[in-house]
Structures are given as C-alpha cells and as structure tokens.
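Structural overview for review
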Amino acid sequence: MSAALTVQSVTKTFRPGEPRILDDITLTADAGRITTILGESGCGKTTLLRIVAGLEEPSSGRLLIADRDVTRLAPVDRDVAMVFQTFGLYPAKTVAKNIEFPLKMAKVAPAERRTRAAEVAAIMHIEHLMNRLPAELSGGQRQRVGICRALVRRPRLLLMDEPLSALDPKLRNELRTEIVALQRAIGSTILYVTHDQTEAMTMSDTVVVMRGGRIEQAGPPDKVFARPASTYVAEFLGNMNLNPAPDVERAGGYAETVGIRPEHFGLAGTRPAAEDDFVVSGRLERCELLGADRILHVRAGEILWRARVDADAPIGDEITLVASRDQVHTFDTETGARRAT
Ligand SMILES: Nc1ncnc2c1ncn2[C@@H]1O[C@H](COP(=O)(O)OP(=O)(O)OP(=O)(O)O)[C@@H](O)[C@H]1O
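The following paragraphs examine the structure supplied in this document. (Residues numbered from 1 in each chain as written. Predicted model: local features only at pLDDT ≥ 70, side-chain atom pairs only at ≥ 80, totals over all residues. Heavy atoms only, no water.)

A short note on the packing of aromatic side chains
Short version of the rule: Here a Phe, Tyr or Trp ring, Trp counted by its six-membered ring, pairs with any other such ring whose centre lies within 6.5 Å, and the pair is stacked when the planes are under 30 degrees apart, edge-to-face when over 60, and tilted otherwise. By definition, any uninterrupted DSSP run of H or I lasting at least four residues is a helix, any uninterrupted run of E lasting at least two residues is a strand, and each is numbered from the N terminus. The buried label goes to any residue with under 20% of its type's maximum accessible area, the exposed label to any with over 50%, and the partly exposed label to all in between, with areas taken from a 1.4 Å probe on protein chains only. Lysine NZ or arginine CZ positioned within 6 Å of the ring centre and within 35 degrees of the ring normal marks a charge as sitting over the ring.
Scanning all chains against the criterion turns up four aromatic pairs. Ring geometry for Tyr232 against Phe236: centres 5.7 Å apart, planes inclined by 10°, an arrangement best described as stacked. With Tyr232 and Phe236 both in helix α8 (residues 231-236) and four residues apart, the pair spans about one turn of that helix. Residue Phe236 is classed as buried on the basis of its relative accessible area of 16%. Each member of the aromatic cluster is reached from another via a ring pair, and the members are Phe265, Phe278 and Trp305. Of note, Lys93 hangs over the ring of Tyr90, and the distance from its end group to the ring centre comes to 5.7 Å. The lysine or arginine in question, Arg261, covers the ring of Phe225, its NZ or CZ lying 3.8 Å from the ring centre.

Structure representation (structure tokens):
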C-alpha cells in the first residue's frame, strides 16, 4: 500500500530549553485510508496536524506527501485541506457557495463547481440546505458543510482536528458513519485527530496512540485492542483490569502486572472450562447496571476485579471469575510495557 503521508523523525520545541512537545514522531498514513491520531489532551496531536498542514514548522524531521518532500512548502502548495473543531464557514455565503468556494479559488468553471458541490452534499445529506446561510443551520449541519467544503477539492490529504467534538453524541455517531462513507466514495486519505476512543475504533484503518509527544503504539484498531503494547494503551483503548500478577510475587514488589478486559471474564460454570484458565474468586462488592449487561466488582483481598457479564448476583456473594488464557495479558510493572507473549 502506498503512503500518502510520511512523517519522519519529527520533533517540535516551541521555546529553547523547554521539553519537546513532539519527540521523534515517525508514521505513515496509507493512501485512501483513515489514520487516526488518538491521545489525551495536551499530548501534541494538534501540533502534529498543524505541522503536516504547514501551519507550524517542525524543529527537526521531514514530511513527505505522496513521496514529495513538503517540509519547506507553504500550506497552499501541499495539496491538503483541514477541518477544525469549529466550523469556520463564511457567514454571508449560502451553503452552496461555501462548498464551492475552494473550487472557485482553483478557477474551476461554474457548472462543474455546482456538480461537484452537489455530489458531496448528497453524500453528507445536506442537498436540501444548499440555499441557506450558515446562521440558519444546526451545529451538525454546519459541520457537514465544513466537511463538504474540505473534500470538494479532492485534496490528496484531508486533516481533521476533532471535527465532531462540539456535537452531541447522537449526531457524532451519525457523522462518524457519514465521514467514513464520504471518504470511501471519494477515496481521499484522512488524518484524523481525536481523544475519543470510540471514534478511533470505529473510523480508523490505522490508529496511532500518542502519549506525551511520543507514539505509544500504531496499527489496525482491532490489533491494537487485542494486543496493547503497554498498560497505557490497554486502558486508553477500551477497559482493562490491571492487577499484580498473583504468581510472580518477588521481594520488593510485583514484577508483572496481569491485564484482563472486563468483557473477557465469565462466571465459572457458565462456559466450558480449560485447564489453563485464569481463575479468581472473591466477594461481590458492587454491581453496576449498564443496560444489556452489568459490571460486577469482585474483591479478592486487596485486589478488585471488574467483570462485564449479563448476570446478576446478590452483593456479598462469593463469585468465581474465569478468563481463557489467550485473553490474559502481561506487562512489566515498572515500565508498563507488554511482556513478549
Ligand atoms: N504555539 C505554542 N506555543 C507554545 N506551546 C504550545 C503552542 N501550541 C501548543 N503548545 C503546547 O504544546 C502541547 C501540546 O498541545 P496540542 O494542542 O498539540 O495538544 P493536543 O493533544 O492537540 O491537545 P487537545 O486535545 O487539548 O487539543 C501543550 O502543552 C501546549 O500547551
């Protein structure tokens, strides 16, 4: 697969002597795919996106867009478009004129501008709003217009910085699906920044987990979820019980941490058992109803385990939880790094 974007050893320091905001970032975004940068607030996601867009200079490192070195090129010469969290529409222009604007700047003939604007508007379900002004739209509709405007020029690379974070959960859900549909229809490459793990899981072909200016792990979301490289990733993408491994107690503390996702636990006796199953027993301390299922909080001495099951039990009951061995992860307690398994 060809890379639409290659980031090579990019670092960024805003002020001399201060720590690096980005520390040796290397990644590729595959052509025609969605690559998501996932990380907590302040980890450097937006700075990285702004460097790719050319709005910020890297302190060192290189950027290639479709194998062309763009490190020193102005934003307009990079063939990228960007969608921000806030909408940034022209208030005095209709939806149609807003969407057509980048094509007008590129001197595309009026008839073709209209056809192409109508095309993207149809995919984003806003064709009936073409004659309205931005002030006459809801937040979700405005963001749809913003996305159409960014994509209408068919940029080689579309950068999206938390485009859905200002919207309510239901709209976010809808727009997630529509962005993926639009991307598949147009075939653009998207670099998408978010701190929302659901967005990263559902939309990306590749997810890049950032932490404190560094890449913690990158790969297809299902692979990262199934084999998190560290305790940090394990907890950031989904949930995971992280407890001292019971059988490797050493002088001076526990060398290993064992990780099991709550949904990978079952109640003993409700599933076929295997000899090497991971088994813990404890007292039911709390039961959280989620809807279809529950989180049981089971205490074994100092240690608390959470299990996501569709069963109920009285508080105080003795519960035995079982997980199959291939769902048990081990990490180095000190560094948090995954042990080779
Ligand atoms: N122009 C700047 N000058 C100095 N420091 C900056 C500048 N821009 C960003 N920073 C710092 O760089 C760090 C990373 O910021 P950045 O906006 O890239 O993080 P982020 O992961 O996108 O966070 P958020 O999700 O909150 O937007 C922060 O500590 C921020 O204060």
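Overview of the site of the ligand
Put simply, the rule reads: Note on terminology: near, applied to a residue and a molecule or strand, indicates that one of the residue's heavy atoms is within 4 Å of it. Pairs of N or O atoms within 3.5 Å make up the polar contacts considered here, provided that, within protein, one atom can donate a hydrogen while the other can accept it, and that residues adjacent in sequence are counted only when both atoms are side-chain atoms. Here, Shrake-Rupley sampling with a 1.4 Å probe gives the accessible areas, and only protein chains in the shown set may cover a residue. Put simply, Ala, Val, Leu, Ile, Met, Phe, Trp, Tyr, Cys and Pro go in the nonpolar bin, Asp, Glu, Lys and Arg in the charged bin, and everything else, Gly too, in the polar bin.
Around the ligand, the surrounding shell consists of Phe14, Arg15, Ile21, Glu40, Ser41, Gly42, Cys43, Gly44, Lys45, Thr46, Thr47 and Glu162. Contacts to the ligand include Lys45, whose side-chain N or O atom sits 2.9 Å from an oxygen atom. In isolation the ligand has 630 Å² of accessible area, and contact with the protein removes 59% of it. Grouping the amino acids of the shell around the ligand by side-chain chemistry returns three nonpolar, five polar and four charged.

Structural notes on the packing of helix α2 (residues 95-105) against helix α4 (residues 139-151)
Worth spelling out the cut-off: The angle between two axes is taken between their N-to-C directions and runs from 0 to 180 degrees, where each axis is a line fitted to C-alpha atoms and a helix contributes only its stretch in contact. Orientation is classified from the angle alone, with under 35 degrees giving roughly parallel, over 145 giving roughly antiparallel, 65 to 115 giving roughly perpendicular, and any other angle giving oblique. Crossing handedness is read from the near helix: turned anticlockwise from the far helix by less than a right angle, it gives a left-handed crossing, and turned clockwise, a right-handed one. In what follows, residue pairs with any heavy atoms lying within 4.5 Å of each other are defined as contacts.
At a closest axis distance of 7 Å, the pairing of α2 and α4 adopts a crossing angle of 30°. Judged on the interaxial angle alone, α4 and α2 are roughly parallel. As for how α2 packs across α4, the hand of that crossing is right-handed. For the pair α2 and α4, the contacting residues are Val95, Asn98, Ile99 and Pro102 in the first and Val145, Cys148 and Arg149 in the second. Taken together, the residues of the contact of α2 with α4 break down into five nonpolar, one polar and one charged.

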